[in-house]
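Notes for the structure review
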Amino acid sequence: IDENQDIKFAQSIGVGQAASSTTGDIVAQTMSLKGTTPSLTIGDGGAEDTKIVYDGNAKDFYIGLDDSADTLVIGDGSTVGTNSILTLTDDSVTVGDGAAVDTKIVYDGNAKDFYIGLDDSADTLVIGDGSTVGTNSILTLTDDSVTIGDGAAVDTKVVFDGNAQDFYIGLDDSADDLVIGLGSAVGTTPAIHIDENQVVTFDAG
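A brief structural summary. (Residues numbered from 1 in each chain as written. Predicted model: local features only at pLDDT ≥ 70, side-chain atom pairs only at ≥ 80, totals over all residues. Heavy atoms only, no water.)

**A few points about the overall build of the chain**
- Along the backbone of the chain there are zero helices and 15 strands.
- Evaluated residue by residue, the chain yields a buried proportion of 18% over its 205 residues.
- Summarising the internal contacts of the chain: among those between residues at least 6 apart in sequence, 6% fall at separations of at least 24.
- Total accessible area on the chain is roughly 14,400 Å²; 53% of this is exposed by carbon and sulfur atoms. (Helix = DSSP H or I, 4+ residues; strand = E, 2+ residues; numbered from the N terminus. Buried < 20%, exposed > 50% of the residue type's maximum accessible area, 1.4 Å probe, protein only. Contact = heavy atoms within 4.5 Å. Areas by Shrake-Rupley, 256 points an atom, 1.4 Å probe, with all protein chains shown as cover.)

**Quick notes on unusual backbone geometry**
- One non-glycine residue, Asp143, lies in positive phi territory at about 50 degrees.
- Inspection of the secondary structure assignment puts Asp143 in the loop between β9 (137-142) and β10 (145-148).

**Section: the pairing of strand β3 (residues 71-76)**
- Side-chain alternation along β3 places Thr71, Val73 and Gly75 on a buried face and Leu72, Ile74 and Asp76 on a face that remains uncovered.
- In this structure, the hairpin formed by strand β2 (residues 61-66) and β3 is closed by a connection of four residues, where Asp70 is found at a positive phi of approximately 55 degrees.
- Both β3 and strand β4 (residues 84-89) contribute to a ladder of four bridges, which runs antiparallel. Bridge assignment links Gly75 to a residue of β4, and that residue is Ser84. (Pairing = 2+ DSSP bridges.)

**Examining the pattern of salt bridges**
- Counted under the stated rule, the structure contains two salt bridges.
- Notably, a salt bridge pairs Asp76 with Lys59, separated by 3.5 Å at the nearest N-O pair. Residue Asp76 is found in strand β3, and its partner Lys59 is found in the loop between β1 (50-54) and β2; the two are separated by 17 residues along the sequence.
- For Asp76, a relative accessible area of 22% puts it in the partly exposed group.
- We note a salt bridge from Lys112 to Asp129, for which the minimum N-O separation is 3.5 Å. (Salt bridge = Lys/Arg side-chain N within 4 Å of Asp/Glu carboxyl O.)

**Examining the sheet that holds strand β5 (residues 92-95)**
- Within the open sheet, the five strands sit side by side as β1-β2-β3-β4-β5. Their pairing is antiparallel. Two strands lie at the open edges of the sheet, namely β1 and β5, each paired on one side alone. Along the sheet, successive strands turn relative to each other by an average axial angle of 10 degrees, direction set aside. (Axes fitted to C-alpha atoms, helices over the stretch in contact; angles between N-to-C directions.)

**Examining the pairing of strand β14 (residues 190-194)**
- Sheet analysis places strand β13 (residues 177-182) next to β14, joined by four bridges and oriented antiparallel. When the sheet's bridge partners are listed, Val179 is paired in β14 with His193.
- Here β14 folds back onto strand β15 (residues 200-202) in antiparallel fashion, the turn holding five residues, of which Gln198 has a positive phi close to 65 degrees.

What follows is the structure in structure tokens.
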């Protein structure tokens with residue numbers, strides 16, 4: 001016991017050991033679960049939230065049971081149910097907590113990142129290149145529509161990757177044509193062109 005009346009000790013807990021009734025602030029604790037089927041239970045079935053808090057210097061995070069909602073929550077801060085990042089209940093996983101912010105899953109690659117995210121200001125679900133929701137959009141879903149591309153000066157396409165032959169449907173952005181063709185590169189080996197005047201050209205006759 002130090003001058004602040006805090007109890008400081010390291011404790012090893014093994015299967016078969018009685019739980020300690022000592023109270024106080026545990027500064028350092030080592031837990032070792034031993035046996036053929038080791039398990040760790042947090043809480044005693046009481047009607048209250050239970051949690052593990054990661055006490056950071058600038059920001060805290062928690063993993064906790066929101067007992068009133070019967071959900072497991074991972075969130076920002078130390079209070080269960082606030083600033084939820086991930087919520088698990090029954091057979092569903094929810095990302096975000098209804099706040100007016102973008103939510104996303106980022107795939108952090110070596111050379112390139114991708115994301116799936118909710119653009120909250122636009123009320124759209126976006127799949128894009130990078131890590132910022134709403135930039136470099138590849139696919140955007142809203143209401144009953146799907147949009148490919150984000151208005152950038154680049155070709156956009158859907159490629160059907162076959163065993164012997166590939167085909168594509170794409171926008172040739174430089175020509176402002178919708179093209180259906182053989183292969184995977186827009187504008188090469190075209191079969192059908194539709195231009196901005198809705199004139200249809202059958203390239204293979």
